[in-house]
Amino acid sequence: MDVKNKISRRKFLSLSLVGIGGISLLSLGALNKKPISKWRFFTENEVLILDALVEQIIPTDESMGARDAGATNFIDKQLMGPYQQFQKDYRDGLKLLQQSSMEKFNSKFEELNWENQTILLKLIDKDELKHSHWEKGADKKFFSMVIRHTMQSFYGSPKHGGNKNNVSYKMLKLDTPIIIGQNRYK
Amino acid sequence: MNINSRYKTISLILSIILLFGLVGFGSFYTYWNSASPYKTCASCHEIELRVESHAHSSHQNLTCKDCHGTALSNGFHSLKEKGMMVVNHVRKVNTENIRMNEEQILDVMNNCERCHTNEFAKWKLGGHSMTYSHVFLNEKHNTTEQINFDCLRCHGMFNSKSVDEIVEPLKNKGPWKLKDKELMHRSAIPCMACHQIHQEGKPVSQPDYSNPQEAFYKRKAEKPSLTFFHRHEKININVVDLPKLKLTDNNREVAVSDDPIMRNCIQCHAPNAAHQAGTSDDRTPRGVHEGLSCMACHEPHSNDARNSCKKCHPPMSNCKLDVTQMNTTFKDKNSKNDIHFVSCTDCHKANDPKLKQKMMKITRI
């Protein structure tokens, strides 16, 4: 064997180790991803606003309100699915709602007390928000959309992300799943 | 460099590349199967929510592969499935609600057996280990009651096909046959019909011995991890959230146990739509056993009830009555006194003086 072409055992082993180390490091680097967020579309700040908003629409009484029943989760899930066309409406709407809250009460919407949140939403609903950042009628349109989606989340199937633990079915005293037997023979 | 030495160099380089490839893949595969699921399986966002729910379940100390196997466990099928996930990702297909198909459910079930050997053995001995052939080819059943779509509510609930694609003919007259012969010995009520493995819960742990009361009468009740798989909605509903049965017996409201586990039983062993006692497959206790839960007598996995009488009526009791020898279906399956519904007056007249005397005697003891 030609001595010049011969690779020593030591060199072979060190090359192998460098290779394995490199591949392992690459794998680790590729897998070092950011922590999992519970939310698909919304940011954490948007979730706080929307939670407060949906709770105003269906408040907690003797049964769970829309926030605890997962309305925000429903909307978040649908925005990445069949409701993709509403993504911009939510992104802009929540931002403008926060601006309106700051302007009128000098406080974030989610930090307002219950009464002030209601006052602000009533103004939006009646289209009476003055010095508004919204285009004419856009605030009412946004609020109507959130009401619609909150209702869908609360009264729809839990598989869509809302109506946690069948809360609305229990409230309405609906047996779900329906209890119905087969025509058992004797 | 002569041809011989060039050949040797190329061979050596190829060998090193192959070795690096094998070792690299091996170390990557080993890492993948041992690292936290957050860094591996949850790399695909479609799996994130499943990983998150698993992290809060009673099985949180297990890794994904303990139950689901590795990416190569099912050979080409697994690789194809993972490949399709990439394709769906690129196509932006919403795959958040991915679920295991029936074959995968049964594969996972085989892994349940590894740890829950005792429960699995009991299930095997009980009525719920029936196979497709037991359910869909039962002549007595099929001649009396026509097979219909709702059979799949409680049997073969994970099968993605409709009943007419599973068995034929859908008539009262046979012979009947399964369209796919491989279904013959497939379990029709697998573990996941009543259990959701990712259900929120805590791993079993010892009580706090610094406060012995917590080990006994102040032990905190855990939310049952049992669920009902709602085939139509393709969701698992925790038994706590299932409706409680409102049952009437000739316009009288029957007292039904509050036990949430019983709500699961009632989803399949149910009365008719009007909820009249004794109709359809209703076995809700009435008579002397009214208000009891199914679980008061039936063992959870085997459904065995042979020792049930002794739990409440021990042979050493004051009344000195051996209830196992009474004329009920517990002693004789042909008895007219169904143990689920039997009442005192089924055997004794309401104003029977002998019965009164006997009862007085028992009370005095």
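Reading guide: rules and limits
Residues numbered from 1 in each chain as written. Chains lettered and ligands numbered in written order. Predicted model: local features only at pLDDT ≥ 70, side-chain atom pairs only at ≥ 80, totals over all residues. Helix = DSSP H or I, 4+ residues; strand = E, 2+ residues; numbered from the N terminus. Rg over C-alpha atoms; globule rule 2.2 N^0.38 Å. Pairing = 2+ DSSP bridges. Contact = placed C-beta atoms within 7 Å. Core = buried A, V, L, I, M, F, W, Y, C linked by C-beta atoms within 7 Å. Buried ≥ 20, exposed ≤ 12 C-beta atoms within 10 Å, placed from the backbone. Expected span 1.5 Å × (residues − 1). pLDDT = per-residue confidence, 0-100. Domains from an automatic or database assignment. Nonpolar A, V, L, I, M, F, W, Y, C, P; charged D, E, K, R; others polar. Axes fitted to C-alpha atoms, helices over the stretch in contact; angles between N-to-C directions. Parallel < 35°, antiparallel > 145°, perpendicular 65-115°, else oblique.

Caption draft 1: Fine view of the overall build of chain B. The helix and strand inventory of chain B stands at 12 helices and six strands. Against the 2.2 N^0.38 benchmark of 21 Å for 365 residues, chain B shows a C-alpha radius of gyration of 28 Å, more extended than a compact globule. The C-alpha extent of chain B, read off along each of the three principal axes, is 120 × 65 × 35 Å.

Caption draft 2: Here's a closer look at the pairing of strand β4 (residues 235-238) of chain B. Residue and element names in this part refer to chain B. Across four bridges, the pairing between strand β3 (residues 227-230) and β4 is antiparallel. Among the inter-strand pairings, Phe228 is bridged to a residue of β4, identified as Ile237. Linking β3 back to β4 in an antiparallel pair, the connection comprises four residues, with Lys234 at a positive phi of about 55°.

Caption draft 3: Representation of the environment of B:Pro203 within the structure. Residues and elements named next belong to chain B. Residue position: Pro203 is located in the loop between β2 (177-178) and β3. Separated by 147 residues in the primary sequence, Pro203 and His56 place their C-alpha atoms 9.4 Å from one another. With sequence-adjacent residues up to four places away left out, Pro203 is seen in contact with Ser58, Gln60 and Asn61.

Caption draft 4: A look at the nonpolar core. Residue and element names in this part refer to chain A. Ile49, Leu50, Leu53, Val54, Ala66 and Ala71 are the most contacted members of the largest nonpolar core, which has 28 residues in total. When contributions to this core are tallied by element, the ones reaching two or more residues are α2 (44-57), α3 (71-79), α4 (87-105), α5 (114-125) and α6 (138-155). Tallying contributions element by element places α2 first for this core, with seven residues. When sequence neighbours within four positions are dropped, the list of residues in contact with Val54 reads Ala66, Arg67, Ala71, Thr72, Val146 and Thr150.

Caption draft 5: Geometry of helix α4 (residues 76-91) of chain B. All names here are of chain B. Compared with an ideal rise of 1.5 Å per residue, which puts 16 residues at 22 Å, α4 spans 22 Å between its outermost C-alpha atoms and is within 8% of the ideal. Little of α4 sits inside the fold, with zero of its 16 residues counted as buried. Looking one or two places after α4, you find Lys92, whose phi comes out positive at around 60°.

Caption draft 6: Examining the confidence of the model for chain B more closely. Averaged over every residue, the pLDDT of chain B is 87; residues scoring 70 or more account for 96%. The ipTM, which scores confidence in the relative placement of chains, is 0.76 for this predicted complex, and the corresponding pTM is 0.81.

Caption draft 7: Layout of the environment of B:Ser34. Mapping B:Ser34 onto the fold places it in helix α1 (residues 3-34). Spatially, the C-alpha atom of B:Ser34 lies 49 Å from that of B:Asn142, the residues being 108 residues apart in sequence.

Caption draft 8: The arrangement of the domain arrangement of chain B in detail. Residues and elements named next belong to chain B. As far as domains go, chain B holds domain 1 (107-193) and domain 2 (251-364). Between the C-alpha centres of domain 1 and domain 2 the distance comes to 29 Å. In this complex, domain 1 contributes eight residues to the contact, which on the side of domain 2 involves six residues. Here the side of domain 1 that touches domain 2 is composed, by residue class, of three nonpolar, three polar and two charged.

Caption draft 9: Spatial organisation of the packing of α2(A) against α6(A). Residue and element names in this part refer to chain A. Across the interface, α2 lies against α6 with an axial gap of 10 Å and an inter-helix angle of 75°. Between α2 and α6, the angle falls in the class roughly perpendicular. Of the residues in α6, those in contact with Leu53, Val54 and Ile57 of α2 are Val146, Ile147 and Thr150. Residue composition of the contact of α2 with α6, by class: five nonpolar, one polar and no charged.

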